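Understanding the architecture of this molecule
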Amino acid sequence: MNKRVLAFDVYGTLIDTHGVVEALNVELGDAEMALPFSQRWRDKQLEFAFRRSLMGAYASFADCTRDALEFTDRAMGSQLSEVAKDRLMALYGRLPAFADVAEGLARLSNAGMRCVAFSNGTREAVTGLLAQAGIRERFDAIVSVDDIKRFKPDPAVYAYLRQCTESSAADTWLISSNPFDIIGAKYAGLHATWVRRSAEAPFDPWGDEPDMTVSDLDELASRLGG
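First, a word on scope: everything that follows refers to the structure included in this document. Remember, predicted model here, so these are calculated numbers, not experimental data.

1. Description of the sheet that holds strand S3 (residues 141-144)
- Spatially, S3-S2-S1-S4-S5-S6 is the arrangement adopted by the six strands of the open sheet, whose pairing is parallel. A single partner strand is all that each edge strand has here, and the edge strands are S3 and strand S6 (212-214). Adjacent strand axes in the sheet meet at a mean angle of 25° when their direction is disregarded.
- Alignment of strand S5 (residues 191-195) against S6, held across three bridges, turns out to be parallel. When the sheet's bridge partners are listed, Val195 is paired in S6 with Val214.
- Across the sheet, helix H8 (residues 179-187) is in contact with strand S4 (172-176) and S5; its angle to S5 comes to roughly 170°.

2. Details of the environment of Pro96
- Examined against the element boundaries, Pro96 turns out to sit in the loop between helix H4 (82-92) and helix H5 (101-110).
- By relative accessible area, Pro96 is classed as partly exposed at 36%.
- Note: C-alpha distance between Pro96 and Asp154 (58 residues apart in sequence) is 27 Å.
- Not counting chain neighbours up to four residues away, the residues in contact with Pro96 comprise Leu14, Ile15, Asp16, Gly19 and Gln132.

3. Some remarks on the pattern of salt bridges
- Throughout the structure, instances matching the rule amount to 17 salt bridges.
- Between Glu70 and Arg74 there is a salt bridge, and its shortest N-O distance comes to 3.1 Å. Within this pair, Glu70 and its partner Arg74 are both found in helix H3 (residues 61-76), separated by four residues, close to a single helical turn.
- Salt bridges here are not isolated pairs; linked through shared partners, they connect Arg66, Glu70, Asp73, Arg74, Glu82, Lys85 and Asp86.

4. Section: the packing of aromatic side chains
- Taken as a whole and assessed by the stated rule, the structure comprises eleven aromatic pairs.
- Plain terms: the ring middles of Tyr11 and Tyr92 are 6.1 Å apart, the flat faces sit at 25° to each other, and that makes the pair stacked. Of this pair, Tyr11 sits in the loop between strand S1 (5-8) and helix H1 (21-28) while Tyr92 sits in helix H4, placing them 81 residues apart in sequence. Note on accessibility: Tyr11 and Tyr92 belong to one class, buried.

5. What about helix H6 (residues 123-132)?
- Of the positions making up H6, those classed as buried are Val126, Leu129 and Leu130. Angularly, the buried residues of H6 cover 95° about the axis, an arc narrow enough to put them on a single face.
- Contacts from the buried residues of H6 go to H4, strand S2 (114-119) and S3.
- Just downstream of H6 lies Gly134, where phi reads positive at about 75°.

6. Describing unusual backbone geometry
- With an omega dihedral of 5°, the bond running from Lys152 to Pro153 counts as a cis peptide bond.
- With respect to the helices and strands, Pro153 occurs in the loop between S3 and helix H7 (155-165).
- Of note, Gln79 is a non-glycine position whose phi angle comes to about 55°, a positive value.
- In this structure, Gln79 sits in the loop between H3 and H4.
- By relative accessible area, which is 72% here, Gln79 ends up exposed.
- The residue Glu166 is not glycine, and still its phi comes out positive at about 50°.

7. Section: the pairing of S5
- Of all five residues in S5, four are buried, a share of seventy percent or more.
- As defined by bridge partners, S4 adjoins S5 across four bridges and the pair is classed as parallel. Bridging from a neighbouring strand, Ile175 pairs with Thr193 of S5.

Procedures and definitions
- Note that residues are indexed from 1 along each chain, following the sequence as it is written.
- Reporting of local features is limited, given that this is a predicted model, to residues whose pLDDT is at least 70; pairs of side-chain atoms are given and counted only at 80 or more, and all residues count toward the totals for whole chains, interfaces and linings.
- Side-chain numbers come from the whole structure's heavy atoms, not from hydrogens or water.
- Here, a strand pair is defined by DSSP locating no fewer than two bridges between the strands.
- Secondary structure elements follow DSSP: runs of H or I no shorter than four residues count as helices, runs of E no shorter than two count as strands, and numbering proceeds from the N terminus.
- Between N-to-C directions, angles cover 0 to 180 degrees, with each direction set by a line fitted to C-alpha atoms, over the stretch in contact for helices.
- We call two residues in contact whenever any of their non-hydrogen atoms come within 4.5 Å of each other.
- Here's how the labels work: a residue is buried when its accessible area is under 20% of the maximum for its type, exposed when over 50%, partly exposed in between, all with a 1.4 Å probe on protein chains only.
- We define a salt bridge as a side-chain nitrogen of Lys or Arg found within 4 Å of a carboxyl oxygen belonging to Asp or Glu.
- Put simply, two rings from Phe, Tyr or Trp (the six-membered ring, in Trp's case) pair if the centres are within 6.5 Å, and we call them stacked under 30 degrees between planes, edge-to-face over 60, tilted for the rest.
- Here the arc refers to the directions that run from the helix axis out to each C-beta atom.

And the structure:
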């Protein structure tokens, strides 16, 4: 088996966090409001996770997601009912995978790469997402930050990844669409590939560039020989 470990971020990289937009169209009754709501919800979800990690006040990623939904509802004046919020949270556990993911993972797995899912989500939530997307069997393991009660990009999280996979930094590659995750992995001494899912997406101007940039997992598999 190839020594290289490919650690895939889940939310935003494998799973489309904006898969809630169609449901938001229905719940909000305003098609023009749905995408901005989804984007703000996602931004606040990450912000709340970052803040909790810095404060040492850990709560699960699902709790951060629910709090972010509540904030976005208040900020945008959408006045969603509690029942509607419950429906949206349930949908978050059934988000779809991006169209390139199944084939790209199959190529990488068949080429002998060690693929692991590496997420801010709990093991239960991530397992459910990967299973409903039909890609759970492509992963040798699921590594969740919930085990150590810290969120990416805390350096301890990337150290925990290496501990779980028993891999060296030189042989460990983070695969993520999130620039903060890429920079965090690089700071921790890992290699990192940015999945630039939007051609308009800028990378954070910190000077810590990814080792590789791809548009999707098919390109990743081609460049890695899968």
